[in-house]
2 protein chains.
Amino acid sequence: MSIQRCCPPKRVIRADYSGEAALFQALADEHRLAILASLAQTDGEICVCDFTDQLPLNQPTVSHHLRILHESGLVTSARRGTWVYYKLAPDAKRRLQQSLRGLFDGRATVA
Amino acid sequence: MSIQRCCPPKRVIRADYSGEAALFQALADEHRLAILASLAQTDGEICVCDFTDQLPLNQPTVSHHLRILHESGLVTSARRGTWVYYKLAPDAKRRLQQSLRGLFDGRATVA
DNA sequence: CGGTAATATCGAAAAATGTCGATACAGCGA
DNA sequence: TCGCTGTATCGACATTTTTCGATATTACCG
């Protein structure tokens, strides 16, 4: 027999998903998810001190996770006096939902 | 002055998000996202050979990413003859959407 | 200005991850 | 059975990630 193929070859998407990957990477840690959920389910903002008090992590580690969430654009921060407060970015939920939709439905996503 | 607080302390969620974190971790790689998007936007299944042909990755690396997606439950696989075909798990989209909703709205998620 | 408290950054260590060459395994065809 | 092809696994390496102690920075207060 001649050369055999498995099937008519299907096209594999070769778009650049690095933006979406970075976004989901921000969600790929249980403590960051707890932080995000706390921010999402609270009215307004939360003081960093509340996270350092109540999470099972040391202060530099909390600061590290907050920085990653901040760099992903999912949260914003504001200093008032000695304290720093974080809150959910207004478009956080929408960005994540759009990224999911982009994956499944092929829409353009800005990630 | 007496001891000063930043504010009435806000409660930080301390639920276990390790399941959701593992799920999002599966999405935290651009090549896995390309694989998932290809599966989601194609009718049916895709042969592993199409991925190894068209992705800029060597065959063991493709196999590695497919394994991670499979272990997360987002895809299923079936061997037919020499070839192995992957397809999107029926509940993949729903699980991800539910995990997002669990984060933002506090619903229970099975992840 | 000096002291104290909250937060961020630095540096290091351990663990996890992405990648690939080499190899093993599975199924087909001659 | 033998050889070939597609896929998975193994072992190694480089990079990234998570964590934390130590230290720096910022702001308040006396």
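Residues numbered from 1 in each chain as written. Chains lettered and ligands numbered in written order. Predicted model: local features only at pLDDT ≥ 70, side-chain atom pairs only at ≥ 80, totals over all residues. Heavy atoms only, no water.

**Q** Just checking my understanding: could you explain the pairing of strand β2 (residues 75-80) of chain B for this structure?
**A** On a regular strand, each side chain points to the face opposite its neighbour's, so the side chains alternate between the two faces of the sheet. All names here are of chain B. Pairing of β2 with strand β3 (residues 83-88), which is carried by 6 bridges, proceeds in the antiparallel orientation. Each bridged residue has a counterpart across the sheet, and for Arg-80 the counterpart in β3 is Trp-83. Following β2, the chain reverses through 2 residues before pairing antiparallel with β3; Gly-81 in that reversal takes a positive phi of roughly 70 degrees. (Pairing = 2+ DSSP bridges. Helix = DSSP H or I, 4+ residues; strand = E, 2+ residues; numbered from the N terminus.)

**Q** I keep staring at the relation of the copies chain B and chain A and nothing clicks. Help me out?
**A** For the pair of chain copies, the relating transformation is a rotation about an axis with a translation along it. Of the transformation superimposing chain B on chain A, the axial component is 0.0 Å and the angular component is 180 degrees, with the fit at an RMSD of 0.0 Å. Such a combination of rotation and displacement between the chain copies is what one expects of a two-fold axis. The overlap is high: 100% of the interface residues of chain B also sit at the interface in chain A, so the same surface is used on both sides. (Least-squares fit on C-alpha atoms with pLDDT ≥ 70 in both. Contact = heavy atoms within 4.5 Å.)

**Q** Even after reading the chapter, I still don't get the side chain of Ser-38 of chain A, so can you show me in this structure?
**A** By secondary structure assignment, the location of Ser-38 of chain A is in helix α2 (residues 30-40). Within the structure, the side chain of Ser-38 of chain A is placed 2.8 Å from the backbone nitrogen of Ile-13 of chain B, a separation counted as a polar contact. The contact partners of Ser-38 of chain A, leaving out residues within four places of it in the chain, are Ile-46 and Phe-51 of chain A together with Val-12 and Ile-13 of chain B. (Polar contact = N/O pair within 3.5 Å; in protein donor to acceptor, adjacent residues only side chain to side chain.)

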